[in-house]
Amino acid sequence: MRRSGPRPPRSPSAPPQSFLWTRRVVLSFLAAFALLPVYVMVSSSLKPLQDVSGKFQWIPSRLTIRPYFDIWDTVPLARYFLNSLIVAGAATVLSVVIAVFAAYAVSRYRFRGKRVFTVTVLSTQMFPGILFLLPLFLIFVNIGNSTGIALYGSRGGLILTYLTFSLPFSIWMLIGYFDSIPRDLDEAAMVDGCGPLGALFRVVVPAAVPGIVAVAVYAFMTAWGEVLFASVMTNDTTRTLAVGLQGYATQNDVYWNQVMAASLVVSVPVVAGFLLLQRYLVAGLTAGAVK
């Protein structure tokens, strides 16, 4: 038998045992606080409607997967899902493309009004979104009346709406990330024959992948779960998931089990994307926040 030798001496810089136990207790409490709502959603989505409407039971007496099939028939969830994918995907692509060009120009060139532009872009984040709701509504209606371009109640109008509050933050974050990339890389690329756009796409963009991914995730999550503008700027045809979930509440009853099941289903793209891209997201947010 191998005898366990004496424990190695404790390092002077190691935290005390009281700190370690306190950290474990606090982290366990936070984990339970975060996972408890998820458990309630999952358990409620697997119950019949009668069990959900009554007194809540932590351990379900009956389990069924029927709500996950009924959610597609109670409301046109597939159409709402498609609308959300189109709107969120287009808003994400446009935010990334425009933010890359704008941030590169601010980071690499000097021009009159550069500081004013940067401060203006950042200051737009201080205003609540509801302040822009009525002006955008009036602008879209007037454009439709004068030109015939239907922005109100269309996917294109909702995409433009989401750009108004996702693009400023995306530009500001990419400016900080591009500033952290040495300008010597741009100069070396230009010496090799690249122009400004060639240096941007061949050198700067590959080096800024974590920041670009962070911007894309932010823009997608902002558009995917937004409720206020989507409830006003859409109609029955262009309604998104965040608003379409209200269809499970009728005048007579609320299908709580289907609401929970639909909420879990619509959360899958965001959660899966976050888990796949969290390494780039953390790196991008860290580098973009510290210049």
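Report follows, based on the coordinates. (Residues numbered from 1 in each chain as written. Predicted model: local features only at pLDDT ≥ 70, side-chain atom pairs only at ≥ 80, totals over all residues. Heavy atoms only, no water.)

### Topic: the overall build of the protein chain
Phase 1 of the analysis: In terms of regular secondary structure, the protein chain is built from 13 helices and 0 strands.
Phase 2 of the analysis: Overall, the protein chain shows an N-to-C arrangement of helices and strands of α-α-α-α-α-α-α-α-α-α-α-α-α.
Phase 3 of the analysis: The C-alpha atoms of the protein chain give a radius of gyration of 25 Å, which is well past the 19 Å a tight globule of 291 residues would have.
Phase 4 of the analysis: Projecting the C-alpha coordinates of the protein chain onto the three principal axes gives extents of approximately 80 × 70 × 35 Å.
Phase 5 of the analysis: The proportion of buried residues among the 291 residues of the protein chain is 34%.
Phase 6 of the analysis: Expressed as a percentage of contacts within the protein chain between residues at least 6 apart in sequence, the contacts between residues at least 24 apart total 75%.
Phase 7 of the analysis: Here the protein chain has roughly 17800 Å² of accessible surface; of this, 68% comes from carbon and sulfur atoms.
Phase 8 of the analysis: Averaging the coordinates of the 22 positive side-chain charges in the protein chain and doing the same for the 11 negative ones gives two points 13 Å apart. (Helix = DSSP H or I, 4+ residues; strand = E, 2+ residues; numbered from the N terminus. Rg over C-alpha atoms; globule rule 2.2 N^0.38 Å. Buried < 20%, exposed > 50% of the residue type's maximum accessible area, 1.4 Å probe, protein only. Contact = heavy atoms within 4.5 Å. Areas by Shrake-Rupley, 256 points an atom, 1.4 Å probe, with all protein chains shown as cover. Lys, Arg positive; Asp, Glu negative; His and termini not counted. Charge placed at Lys NZ, Arg CZ, Asp CG, Glu CD.)

### Some remarks on the packing of aromatic side chains
Phase 1 of the analysis: Going through the model one piece at a time under the given rule, you end up with 11 aromatic pairs.
Phase 2 of the analysis: With a centroid separation of 6.5 Å and 80° between ring planes, the pair formed by Tyr 104 and Phe 178 is classed as edge-to-face. With Tyr 104 in helix H4 (residues 77–108) and Phe 178 in helix H7 (residues 155–179), this pair connects stretches of sequence that are 74 residues apart.
Phase 3 of the analysis: For Phe 178, a relative accessible area of 0% corresponds to the buried category.
Phase 4 of the analysis: A centroid spacing of 5.8 Å and a plane angle of 40° characterise the contact between Phe 169 and Trp 172, whose relative ring orientation is tilted. Of this pair, Phe 169 and Trp 172 are both found in helix H7, 3 residues apart, which corresponds to roughly one turn of the helix. (Phe/Tyr/Trp six-rings, centres within 6.5 Å; stacked < 30°, edge-to-face > 60°.)

### Observations concerning the packing of H4 against helix H8 (residues 183–191)
Phase 1 of the analysis: Contact pair H4 / H8: the axes reach a minimum separation of 12 Å and the direction vectors enclose 100°. For the element pair H4 / H8, the angle class is roughly perpendicular. Contacts between H4 and H8 involve Tyr 104, Ser 107 and Arg 108 from the former and Arg 183, Asp 186 and Met 190 from the latter.
Phase 2 of the analysis: Across the contact of H4 with H8, the residue classes tally to 2 nonpolar, 1 polar and 3 charged. (Axes fitted to C-alpha atoms, helices over the stretch in contact; angles between N-to-C directions. Parallel < 35°, antiparallel > 145°, perpendicular 65-115°, else oblique. Nonpolar A, V, L, I, M, F, W, Y, C, P; charged D, E, K, R; others polar.)

### Some words on a nonpolar patch on the surface
Phase 1 of the analysis: A surface patch of nonpolar side chains, about 610 Å² in accessible area, is lined by Val 93, Leu 94, Val 97, Ile 98, Phe 101, Leu 197 and Phe 201.
Phase 2 of the analysis: Elements with a minimum of two residues in the nonpolar patch: H4 and helix H9 (196–207).
Phase 3 of the analysis: The leading source of residues in the nonpolar patch is H4, at 5 residues.
Phase 4 of the analysis: Relative to the helices and strands, Val 93 resides in helix H4. (Patch = residues over 30% accessible without salt bridge, like charges linked within 9 Å, V, L, I, M, F, W, Y side chains within 5 Å. Salt bridge = Lys/Arg side-chain N within 4 Å of Asp/Glu carboxyl O.)

### Considerations on the environment of Val 38
Phase 1 of the analysis: Along the chain, the position of Val 38 falls in helix H1 (residues 17–45).
Phase 2 of the analysis: The partly exposed category is assigned to Val 38, whose relative accessible area is 39%.

### Side note on the nonpolar core
Phase 1 of the analysis: Counting 30 residues, the largest nonpolar core has Ile 71, Leu 77, Tyr 162, Leu 241 and Tyr 248 as the members making the most contacts within it.
Phase 2 of the analysis: The set of elements that each furnish at least two residues to this core consists of H4, helix H6 (133–147), H7, helix H10 (209–224), helix H11 (228–233), helix H12 (241–244) and helix H13 (256–289).
Phase 3 of the analysis: Ignoring any residue separated from it by four or fewer positions in sequence, one finds Tyr 248 in contact with Ile 71, Thr 74, Val 75, Leu 77, Asp 253, Val 254, Tyr 255, Gln 258, Val 259 and Ala 262.
Phase 4 of the analysis: Judged by nonpolar contacts, the second largest core, of 26 residues, contains Val 96, Leu 167, Leu 174 and Ile 175. (Core = buried A, V, L, I, M, F, W, Y, C linked by side-chain atoms within 4.5 Å.)

### A closer look at the side chain of Ser 44
Phase 1 of the analysis: Relative to the helices and strands, Ser 44 is located in helix H1.
Phase 2 of the analysis: At 2.7 Å, the side chain of Ser 44 forms a polar contact with the backbone oxygen of Val 40.
Phase 3 of the analysis: Non-local contacts of Ser 44, meaning those with residues more than four positions away in its chain, are made with Val 52, Phe 56, Asn 257 and Met 260. (Polar contact = N/O pair within 3.5 Å; in protein donor to acceptor, adjacent residues only side chain to side chain.)

Interpretation in functional terms is not warranted from these geometric data alone.
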